[in-house]
Structures are given as C-alpha cells and as structure tokens.
Amino acid sequence: MSGLPLNIDIQQILLHMLNFVILAGGLYFILYAPVKKFMDQREAHYAEMDQAAADKLAEAEKLAASHQAQLDKVEDELRERRAESQKIAQAAAQQQLDRAQQQADQIIAGARKSAESIRAKAVADSQKELKELAMAAAEKLALGSSRDAFDEFLNLAEEGKRNEQHEKA
Amino acid sequence: MKQNKRKLILWLVLIVVLAAACVLTGGSGGETETVQEVMRDAVLHESGQVSLFGIRNVNPGLISAYVVTALLLVLAACLRIFAVPRFQNVPGRLQMLIELWVGTFSGMAQSNSPHHNKVLGPYIFGAGTYIFVSTLFEMFGLQAVTTAGRSIALPAPLSDINGAIAMGVLSYLFILSGGVSAVGLRGVGRTLKEFSLPISMSFRLFGALLSGLLVTELVYYYITLSFVLPVIVGVMFTLLHALIQSYVLTMLVALYYGEVSEPVHPKQEKKKDKKAVAA
C-alpha cells in the first residue's frame, strides 16, 4: 500500500470512511431525526390549524351566503306583502271615499230637495199673502178714499217683496 | 477620561515597542526544519505520523477525524438530551440555530432531489457538519506527539489526502446507491457517466483545505508574520473555507443525487416537450 503516490493509504481511506459512516449515522439518529420529526410535526400542526381555519372560513362564508339568501327572500316577501297591503288599503280608502261621496251626494240631494220645498212653500205663502193683500187692498179701494188705499197697497206690496227676498237668501 | 486615554495610549505603545523588539532581536524563528520540509510534511505526512493506539502509524489527519467525530457525537448527544426535549413551537435562540442547521440540509436535499431525498438529507447533514467542523478544528491547535517524538498541531482531517479521498469516494458511492435505489440499473449508468466525480470531489476538497493549511503553515513559519496576520489568515480564511467547502460538497452531492435518481419519464411526454420547444 505504501507504493501509492502522495502517501495514499487504502487502509487509512477505509478508516476515514468508517469514521464518517459512524459520524453520519450517529448524527442522524441522535440529532437529525428527532429535530426533523419535531419540525415536521410542527409543520403538520400549523398546516392542520391552517386547514381548520380555512374550513371554518369556508363554512362561515357559506353560512353568511345562506343568511343573505334568507334575508333577500324575507325582503322580497316583505316587499310583496307591503305592496299587497298597500293595495288593500288603497281599495279600502277608495271604498270609503266612494261611500262618503255617495253619502255627500245623498245629503246634498236631500238638502236641495228640502230647500226646494221650503222655497216653493215660501213662494206659495207669499203669493197667497199677495193675493190676500190684493184682496184687502181692493176691498179698501172699494170702500175708502182711493189715494190712501193705493199707498197702503204699495206699502204692503213692498213689504211682501222684502219677505220673499229674505226667504230666498 | 483623559487620564484613561493616556494610559491606553501608553499601553498600546508598550505593546508595539515590545513586539518590534521581539521581531528585531529574534532570528527567523525557532524552526528546526526548513520551510520546504514543513511544506512537504504538511502535504505528505511522511515524517510526522502518529501512532493509532499502538496498532499502526497513521497520518495525523486520521486522529483529527476521530477527535472531530467524538466531539460532534458528544455535542449531538448533549443537544439531544438537554435541548431537543425542550423544543417549543415558538423557538428560542438555540432551537432556532439547531433548526436552521437541520433545515438547511433538509431543504437542500428536498430542493435538489425532489423525488428521492429520504437518505440524502441525513447524508449531506453529516457531510456538511463534518467538513465544517473539521475545517474549523485546525484553529484549535490540539497537540499530538509524532512517532519521531516531536509535537505537532493536529491538522484538518480533510487536508489529509486519505480523508479527502474517503469523502469523495464515499459521496460517489452514495450517489450511485441513490441512483440504483431510485431507477435501478439505469441509475448505475447515470452515475458511471460521471466517472470523474470521485476524483474531482476528492481533490477539490484536498486542494482547498491543503491550500489553507499551507498558507497557515507558511505564515506561522516566520515569526515576523506572526503579528495581526494570523487573525486574518487563521480565523477568517479558515471560517470562509469551512463554509465554502461544506456548501460546495453538499450541494454537489445533492445535485448529482437528484440527477441520477430522477424518475424516468415516458417517451411520449419527451416527444411532446421536443415538439413544444421546436414550436
């Protein structure tokens, strides 16, 4: 073996190899494996946590979406019901308005009728009174002086007219 | 404050004067051998051999390798007993350092060989740690006695050519085993294609670490270079070497391992790819 150049010795090379194999194996079993195991476990733990957080987030998003859908549905329903109740209220109000209009029309018609009858009665009364006055005046003309009777006739006629206007008002 | 400054200046001046006196009054060092002998011995270890438990004489690099292995295994055992059981999900400083240490090599294995990396991670973890620590080991200057009865500082294990060859050949065999276990005989073919790999890896390691050793030996040989310069050469050079060499070898092993253990794609897909490229 000493014949090799540069003092190369096969046995010493093998001794170096043996030394390194012992060292590499020892370092692997004593240090590398436990540290790597710890690191892998921690990585797995954080990956698990990350996954759990992602799952929860997805679940929450799903829940939020379903809640939003429910809210939209409720809002739609609310809108529909509001429109419906508005329609009902409008119909009821219209009905009431129609009824009120009818009542008002009836009242106005009744008032007109009574006013007409009062007017007709007043006209008839005044005409009757005029007739009576005319009769009285004619009697007085026939009986008393013509001048005084004529004045009296005129005064009575004016009075009758005033009464008629007053009734009209 | 002024008095303190004066004292400091006086102290520094005294140091400089004494250092200059040492340099000027001394010879070229207390060396008993020429620089050529030192360099030759650093490369070949012909005269500076150490007895391995009285069984046989070996290069001091092998003793360094055993010391490094023992140190690393003791350190790993201490960390396993005292640090690893106290690991928490939110790491402290030591835990972060250990996780960085393991995670770097594990990540390198996963990124370079995504299909087949269960064994690659531990291998490059061991190799990277070994190269890094064994390169730094030469800084401690642990002493050993040679068979000639002289005291020597234990060198980096990989500056011994036998250590570098062992590392290179073992890495090549490991790549080969990865190829075989992933794609069978096709893996052998793929690995044999890179037949120069063990030589290039061995001699890259040996050359890189030996150059560091030689520069350090040269610097320490002359006492006039023994001031300030060793801080840069000894510490910075060795640290950079340790980092670069461990990165280079582990990266090469991971790359080649990934390449030879890549799963075989069906021919149709390849044809499609070629058509797409042509288009």
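Below, the structure is looked at part by part. Source: prediction; values computed, not measured.

## Considering the overall build of chain A
Regarding its fold elements, chain A presents 2 helices and 0 strands. Looking at the 169 residues of chain A, the share that counts as buried comes to 16%.

## Regarding the packing of aromatic side chains
The full count for this structure, using the stated rule, is 11 aromatic pairs over all chains. Arranged with centres 5.6 Å apart and planes meeting at 80 degrees, the rings of Phe20 of chain A and Tyr123 of chain B form a pair that is edge-to-face. In this pair, Phe20 of chain A is assigned in helix H1 (residues 10–143) and Tyr123 of chain B in helix H5 (residues 120–137), connecting two distinct chains. The class for Phe20 of chain A is buried, based on a relative accessible area of 3%. Measuring from ring centre to ring centre gives 6.0 Å for Tyr28 of chain A and Tyr32 of chain A, while their planes differ by 35 degrees; the resulting arrangement is tilted. In this pair, Tyr28 of chain A and Tyr32 of chain A both sit in helix H1, 4 residues apart, roughly one turn of the helix. An aromatic cluster of at least three residues, connected via ring pairs, comprises Tyr28, Phe29 and Tyr32 of chain A together with Trp101, Phe105 and Phe125 of chain B.

## Some details on the pattern of salt bridges
Residues and elements named next belong to chain A. For the structure on display, the rule yields 7 salt bridges over all chains. Note that Arg79 is salt-bridged to Asp76, the shortest N-O span being 3.3 Å. One end of the pair, Arg79, and the other, Asp76, are both in helix H1, 3 residues apart, so they sit about a helical turn from each other. Notably, a salt bridge pairs Glu116 with Arg119, separated by 3.8 Å at the nearest N-O pair. With a gap of 3 residues between them, Glu116 and Arg119 both fall in helix H1, about one helical turn apart. Its relative accessible area of 48% is what places Glu116 among the partly exposed residues. Classification of Arg119 as partly exposed rests on a relative accessible area of 44%.

## Some remarks on the side chain of Ser113 of chain B
Residue and element names in this part refer to chain B. Assignment of secondary structure puts Ser113 in the loop between helix H4 (93–112) and H5. There is a polar contact of 3.5 Å between the side chain of Ser113 and the side chain of Ser261. Look past the residues within four positions of Ser113 in its chain and what remains in contact with it is Leu120, Ala254, Tyr257, Gly258 and Ser261.

## Topic: the packing of H1 of chain A against H4 of chain B
Contact pair H1 of chain A / H4 of chain B: the axes reach a minimum separation of 10 Å and the direction vectors enclose 90 degrees. Here H4 of chain B runs roughly perpendicular to H1 of chain A, going by the angle between their axes. For the pair H1 of chain A and H4 of chain B, contact is made by Leu31, Tyr32, Val35, Lys36, Phe38, Met39 and Arg42 of chain A and by Gln95, Ile98, Glu99, Trp101, Val102, Gly103, Ser106 and Gln110 of chain B, respectively.

## Concerning the packing of helix H3 (residues 60–83) of chain B against H5 of chain B
Residues and elements named next belong to chain B. Where H3 contacts H5, the axes come no closer than 10 Å and their chain directions differ by 115 degrees. The hand of the H3/H5 crossing is right-handed. Contact residues: Ser64, Ala65, Val67, Val68, Thr69, Leu71 and Leu72 in H3; Thr129, Tyr130, Val133, Ser134 and Phe137 in H5.

## Observations regarding the nonpolar core
By size, the foremost hydrophobic cluster in this structure holds 69 residues, and its most contacted members are Phe20 of chain A together with Tyr123, Ile124, Met167 and Val253 of chain B. Here the element with the most residues in this core is H1 of chain A; it accounts for 12 residues. If we skip the residues at most four places from it in the chain, Phe20 of chain A touches Tyr123, Gly126, Ala127, Tyr130, Met167 and Leu170 of chain B.

## With respect to the interface of chain A and chain B
In this assembly, 30 residues from chain A lie in contact with 52 residues from chain B. Around 3600 Å² of area is buried between chain A and chain B when both sides are counted, 73% of it from carbon and sulfur atoms. On the chain A side of the interface with chain B, the three residues burying the most area are His16, Phe20 and Tyr32 of chain A, jointly 19% of the side's total. Here chain A is connected to chain B by 2 salt bridges. When the shortest N-O distance is used, the salt bridge between Glu99 of chain B and Arg42 of chain A registers 2.6 Å. Scanning the region where chain A abuts chain B turns up 10 residue pairs in polar contact (both at pLDDT 80 or more).

## Some remarks on the environment of Glu159 of chain A
With respect to the helices and strands, the residue Glu159 of chain A is situated in helix H2 (residues 146–168). It is 10.0 Å that separates the C-alpha atoms of Glu159 of chain A and Leu130 of chain A, two residues lying 29 residues apart in sequence.

## Comments concerning H1 of chain A
Relative to the 200 Å expected for 134 residues at 1.5 Å per residue, H1 of chain A spans 187 Å between its end C-alpha atoms, a close match to the ideal helical length. The distance from a side-chain oxygen at the start of H1 of chain A to the backbone nitrogen of Gln11 of chain A is 3.0 Å, and the residue carrying that oxygen is Asp9 of chain A.

## Concerning a negative patch on the surface
All names here are of chain A. Together, Asp125, Glu129, Glu132, Glu159 and Glu167 give the surface a local cluster of negative charge. Broken down by secondary-structure element, the contributors of at least two residues to the negative patch are H1 and H2. As for its position among the elements, Glu129 is in helix H1. For Glu129, a relative accessible area of 40% corresponds to the partly exposed category.

Thresholds, definitions, all that
Residues numbered from 1 in each chain as written. Chains lettered and ligands numbered in written order. Predicted model: local features only at pLDDT ≥ 70, side-chain atom pairs only at ≥ 80, totals over all residues. Heavy atoms only, no water. Helix = DSSP H or I, 4+ residues; strand = E, 2+ residues; numbered from the N terminus. Buried < 20%, exposed > 50% of the residue type's maximum accessible area, 1.4 Å probe, protein only. Phe/Tyr/Trp six-rings, centres within 6.5 Å; stacked < 30°, edge-to-face > 60°. Salt bridge = Lys/Arg side-chain N within 4 Å of Asp/Glu carboxyl O. Polar contact = N/O pair within 3.5 Å; in protein donor to acceptor, adjacent residues only side chain to side chain. Contact = heavy atoms within 4.5 Å. Axes fitted to C-alpha atoms, helices over the stretch in contact; angles between N-to-C directions. Parallel < 35°, antiparallel > 145°, perpendicular 65-115°, else oblique. Left-handed = near helix turned anticlockwise from the far one by under 90°. Core = buried A, V, L, I, M, F, W, Y, C linked by side-chain atoms within 4.5 Å. Buried area = accessible area lost by both parts, 1.4 Å probe. Expected span 1.5 Å × (residues − 1). Patch = residues over 30% accessible without salt bridge, like charges linked within 9 Å, V, L, I, M, F, W, Y side chains within 5 Å. Areas by Shrake-Rupley, 256 points an atom, 1.4 Å probe, with all protein chains shown as cover. Lys, Arg positive; Asp, Glu negative; His and termini not counted. Charge placed at Lys NZ, Arg CZ, Asp CG, Glu CD.

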